[in-house]
Amino acid sequence: MITRSKLVEQLRDYQIRSQHRADVTVAILWALLILLLVISSYVTLYLRHFWLSFVMVCLGILLVIRLRISKQALARKRERSMTWDADLAQPAHWSGD
């Protein structure tokens with residue numbers, strides 16, 4: 001017989017897997033965007049468009065900084081979510097003994 005706790009555990013496992021898949025996809029997209037900026041800045045340097053190359057390097061640096069900020073925010077969000085899940089896991093009639 002399927003109990004409520006097993007269903008909750010299966011749902012949590014599914015959510016973790018799907019969140020991991022989404023995180024991997026986002027990380028790959030960020031890596032491709034940063035790679036595109038690096039290659040573009042090299043090409044503009046080769047073609048001696050120094051101002052455009054400088055702008056591309058600055059965009060790449062800002063992109064990395066933004067990625068780090070969003071990663072920290074996501075870690076804080078997950079930490080809050082885990083404490084919320086732990087609070088929900090305790091039964092309402094639990095007396096704490």
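Residues numbered from 1 in each chain as written. Predicted model: local features only at pLDDT ≥ 70, side-chain atom pairs only at ≥ 80, totals over all residues. Heavy atoms only, no water.

S.K.: How should I be thinking about the overall build of the protein chain in this particular structure?
M.R.: In terms of regular secondary structure, the protein chain is built from two helices and zero strands. Every one of the 97 residues in the protein chain was classed for burial, and the buried ones make up 7%. Counting only carbon and sulfur atoms, one obtains 67% of the accessible surface of the protein chain, whose full area is about 8900 Å². (Helix = DSSP H or I, 4+ residues; strand = E, 2+ residues; numbered from the N terminus. Buried < 20%, exposed > 50% of the residue type's maximum accessible area, 1.4 Å probe, protein only. Areas by Shrake-Rupley, 256 points an atom, 1.4 Å probe, with all protein chains shown as cover.)

S.K.: Looking at this structure, I do not really get the side chain of serine 53. What am I missing?
M.R.: Summarising the element assignment, serine 53 is placed in helix α2 (residues 50-89). Among the polar contacts made by the side chain of serine 53, one reaches the main-chain carbonyl oxygen of serine 41 at a distance of 3.3 Å. Sequence-distant contacts of serine 53, defined by excluding residues within four places in its chain, comprise Ser41, Thr44 and Leu45. (Polar contact = N/O pair within 3.5 Å; in protein donor to acceptor, adjacent residues only side chain to side chain. Contact = heavy atoms within 4.5 Å.)

S.K.: Would you mind going over a nonpolar patch on the surface with me for this structure?
M.R.: Taken together, the side chains of Trp51, Leu52, Phe54, Val55, Val57, Leu59, Ile61, Leu62, Ile65 and Ile69 make up a nonpolar region of the molecular surface, amounting to roughly 980 Å² of accessible area. Assessed through its relative accessible area of 40%, valine 57 is described here as partly exposed. (Patch = residues over 30% accessible without salt bridge, like charges linked within 9 Å, V, L, I, M, F, W, Y side chains within 5 Å. Salt bridge = Lys/Arg side-chain N within 4 Å of Asp/Glu carboxyl O.)

S.K.: How do you make sense of unusual backbone geometry when you look at a structure like this?
M.R.: What you tend to see is this: most non-glycine residues have negative phi, and most peptide bonds are trans. Within the chain, arginine 48 stands out as a residue other than glycine whose phi angle is a positive 65°. Following the sequence through the fold, arginine 48 ends up in the loop between α1 (4-46) and α2.

S.K.: Help me understand α1 in this model?
M.R.: In an α-helix, one turn spans 3.6 residues; hence positions three or four apart end up facing the same way. Counted at 1.5 Å a residue, the expected span for α1 with its 43 residues is 63 Å, and the 63 Å between its end C-alpha atoms agrees. Looking at the residues trailing α1, positive phi occurs at arginine 48, about 65°. (Expected span 1.5 Å × (residues − 1).)

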